[in-house]
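An overview of the molecular structure
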Amino acid sequence: FAEELNVLFQRFAKIFIGCLAAVTSGMMYALYLSAYHERKFWFSNRQELEREITFQGDSAIYYSYYKDMLKAPSFERGVYELTHNNKTVSLKTINAVQQMSLYPELIASVLYQATGSNEIIEPVYFYIGIVFGLQGIYVTALFVTSWLMSGTWLAGMLTVAWFIINRVDTTRIEYSIPLRENWALPYFACQIAALTGYLKSNLNTYGERFCYLLMSASTYTFMMMWEYSHYLLFLQAISLFLLDIFSLKQNDKVYEVYKIYIFSLFLGYLLQFENPALLVSPLLSLVAALMLAKCLQLNVKKGSFVAKIIKVINFYLVCTLTITLNIIMKMFVPHKENGHMLKFLEVKFGLNMTKNFTMNWLLCQESLQAPSQDFFLRLTQSSLLPFYILVLIICFLSMLQVIFRRINGKSLKETVTLEDGRIGERPEIIYHVIHTILLGSLAMVIEGLKYIWIPYVCMLAAFGVCSPELWMTLFKWLRLRTVHPILLALILSMAVPTIIGLSLWKEFFPRLMTELMELQEFYDPDTVELMTWIKRQAPVAAVFAGSPQLMGAIKLCTGWMVTSLPLYNDDDLLKRNENIYQIYSKRSAEDIYKILTSYKANYLIVEDAICNEVGTMRGCRVKDLLDIANGHMVCEEGDKLTYSKYGRFCHEVKINYSPYVNYFTRVYWNRSYFVYKINTVISFQS
């Protein structure tokens, strides 16, 4: 009895210390982000307007709606005004909650007022505090996932260390706090942690129920927070489908996860104002096809040749059914086709050529290009990439070994011991291997996806080097006999992560401390002056036109109506952006005037940084892309060059000569911005 009590105490102590380390890691990371943000922007020493300017692009839009919710007389009224919003974009009424996934802002505004925080803390601090807190949960979830897979919380500590050191490639929280991914990915990490635990073979009933409930809640929340979440869940469903195909896990558990997907999709459809994008999503088509295939599937797992043939047929059936169901759903469900996304992918993969401004502008965005050499160099310098490749190769080869054993009719062991050296028989490992390969393949094409992939690279690499089972698998292949392989595996699983941790501490910890000590400067007086002028001088009913990024800042800082927004999921807004950008093209004053008045614009803002842009990649400046789209620049050999008799509008309008002064009157300028009032009565003077 005393021995059993001692074992129980040791197990409890291990779990307690691990949980304490996980929670502490999350809290420390959240505090680090808060301190770094304060040092970077001098946030506490700035006026409200200067703080708001730090929210750039689409981040400004999200935060502006949080402000609107706090100003509303009641929550119900605030939600109504957002769902019937006609005060943001001229001549357009939008359901901002559905179109921009504003559920985080709704929740944050409710929490701010319900908890009485309005008497304690400023709204902006409450908002960014929630996001930083979620990042702490993100890190904790990665810690727990690595711990579950390796059996030691040392793996969790190494995961967190790699995540923070490589944060340039793991998160965009430092640049854009309100981004949807910063709200959503922590829930995805919790879902993956719960799924990892759920797939484990040795899980007891209570643990299984807890993992299932956590997985259900986090899947649904993730889907509500981000409009692209169902694409990530689609990749996850493919991973689970392949796991099931190889008979590496009981069908029941995998199909229970499919039920969670269906429940989350339909609940999300209802609560997202009957969002048709969820009904036509590939996730729903795949899960429905898998359910139908299961109904048609016979119990053939114990067969031999027939079983293998049936498996191939089942795979083909699921693929065919998925495509067919998706086509049928798109035929019968009215939805806005993401035509620009399909065109972008066609051009990205060289299947098509285009001169379209929007497509070429998207292709020029750094986040949508292939990863640079610097990306791989950074991961190698932190030792993450070499260890990730090592772990992935061992796990992948072990997985193939298990699959071939299964194909040859050999039964798998119910419980895999350390001596067996078969890490590839564990279902949760196989799932993570397939999932990381899918995410990695996409990240090799579109660099922006690295923010989804690299956190799980940190987790998988840390799990591998801390897992005695992985080292044992390697030693089994090497047929190591000089030293007892189990003893060596146990030693390496402790020694290797310790050495990595010490080297990371020595090299990177001083850098992190230096970043916290340095006072960085974010000073943008020209934008502050512009916003101050608008608030003091412009009529309340005025409509402003300019670049989408600047329009987002104007909406947040002044509340005035604008002609366009920095959002790229709406065809009409994309078309507006392209038309407004014509102020930087070689078009006549009359053409620009007609475009601007068609959107009821009263003021035009020309940015010197765009008009005189010189530093970006050749052919990717806004004015170059406009010239290509308008035929004023040769893009390919054989293209027809259309000569424009007009100079570049943004240059010509500054000179103040006819016909430009007939249409536009300069009312304000500084070093960066030129503001012109669009004349309502035009006087043509010679």
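Quick caveat: nothing in here was measured; it's all calculated off a predicted structure.

It is worth spelling out the pattern of salt bridges at this point. Per the stated rule, a full pass over the model turns up 27 salt bridges. The salt bridge involving Arg46 is made with Glu50; its shortest N-O contact spans 3.8 Å. The exposure class assigned to Arg46 is buried, which follows from its relative accessible area of 10%. Several salt bridges share partner residues, and in doing so they unite Lys92, Asp570, Asp572 and Arg576 into one network.

Let us look at the packing of helix H1 (residues 2-41) against helix H24 (residues 485-517). The N-to-C vectors of H1 and H24 enclose an angle of 50 degrees; their axes lie 8 Å apart at closest approach. As far as their axial angle goes, H24 and H1 are oblique. Contacts between H1 and H24 involve Tyr32, Ala35, Tyr36 and Arg39 on the former and, on the latter, Leu512, Glu515, Leu516 and Met517. Class assignment of the residues belonging to the contact of H1 with H24 gives a composition of six nonpolar, no polar and two charged.

This part is about the sheet that holds strand S3 (residues 603-607). An order of S2-S1-S3-S5-S4 is seen for the five strands of this open sheet, with the pairing classed as mixed. Sheet topology places strand S2 (561-562) and strand S4 (664-669) at the edges, where each strand pairs with a single neighbour. The pairing of strand S1 (residues 543-545) with S2 spans two bridges and is classified as parallel. Residue pairing for S2: Val543 is matched across the bridge by Met561. Strands S1, S2, S3 and strand S5 (673-678) of the sheet are contacted by helix H26 (residues 548-557), whose axis makes an angle of about 125 degrees with S3. Here helix H28 (residues 589-598) sits on the sheet in contact with S1, S3, S4 and S5, set at roughly 75 degrees to S4.

This part takes up unusual backbone geometry. Looking along the chain, the bond that leaves Ser658 and enters Pro659 is cis, with omega of 10 degrees. For Pro659, the position within the fold is in the loop between helix H31 (649-652) and helix H32 (660-663). The residue Trp42 is not glycine, and still its phi comes out positive at about 50 degrees. Along the polypeptide, Trp42 turns up in the loop between H1 and helix H2 (48-53). Accessibility expressed as a relative area gives 30% for Trp42, which makes it partly exposed. A positive phi angle, close to 70 degrees, is found at Ser383, a residue other than glycine. You can see Ser383 is positioned in the loop between helix H19 (373-381) and helix H20 (384-407).

Taken domain by domain, the chain consists of domain 1 (20-128) and domain 2 (523-676). Domain 1 and domain 2 are separated by 28 Å when their C-alpha centres are compared. At the junction of the two partners, domain 1 supplies 25 residues and domain 2 supplies 27 residues. Between domain 1 and domain 2, the buried area comes to about 2,100 Å², and carbon and sulfur atoms account for 67% of it. When the buried surface of domain 1 facing domain 2 is broken down by residue, Leu49, Ile53 and Ser90 rank first, second and third, together holding 25% of it. The interface formed by domain 1 and domain 2 contains three salt bridges.

What follows is about the packing of aromatic side chains. Here a ring pair, both rings aromatic, is described through the centre-centre distance and the interplanar angle of the planes. Overall, the coordinates contain 37 aromatic pairs when judged by the stated rule. Relative to Phe163, the ring of Tyr29 has its centre 5.6 Å away and its plane inclined at 85 degrees; by these criteria the two rings are edge-to-face. Here Tyr29, found in helix H1, pairs with Phe163, found in helix H8 (residues 153-165); they are 134 residues apart in sequence, far enough to count as distant. Of the two residues, Tyr29 and Phe163, both sit in the buried class. An angle of 45 degrees between the planes, with centres 4.8 Å apart, marks the rings of Tyr66 and Tyr127 as tilted. In this pair, Tyr66 is assigned in helix H3 (residues 58-71) and Tyr127 in helix H7 (residues 123-150), connecting sequence segments 61 residues apart. Grouped by ring-pair contacts, the aromatic residues Phe188, Phe222, Trp226, Tyr228, Tyr231 and Tyr456 constitute a single cluster. The aromatic ring of Tyr255 is capped on one face by Lys294, whose charged end is 4.6 Å from the ring centroid. Looking at Lys555, its charged tip hangs above the ring of Tyr65, at a distance of 5.1 Å from the centre.

The rules behind these values
Residues numbered from 1 in each chain as written. Predicted model: local features only at pLDDT ≥ 70, side-chain atom pairs only at ≥ 80, totals over all residues. Heavy atoms only, no water. Salt bridge = Lys/Arg side-chain N within 4 Å of Asp/Glu carboxyl O. Buried < 20%, exposed > 50% of the residue type's maximum accessible area, 1.4 Å probe, protein only. Axes fitted to C-alpha atoms, helices over the stretch in contact; angles between N-to-C directions. Helix = DSSP H or I, 4+ residues; strand = E, 2+ residues; numbered from the N terminus. Parallel < 35°, antiparallel > 145°, perpendicular 65-115°, else oblique. Contact = heavy atoms within 4.5 Å. Nonpolar A, V, L, I, M, F, W, Y, C, P; charged D, E, K, R; others polar. Pairing = 2+ DSSP bridges. Domains from an automatic or database assignment. Buried area = accessible area lost by both parts, 1.4 Å probe. Phe/Tyr/Trp six-rings, centres within 6.5 Å; stacked < 30°, edge-to-face > 60°. Lys NZ or Arg CZ within 6 Å of the ring centre and 35° of its normal.

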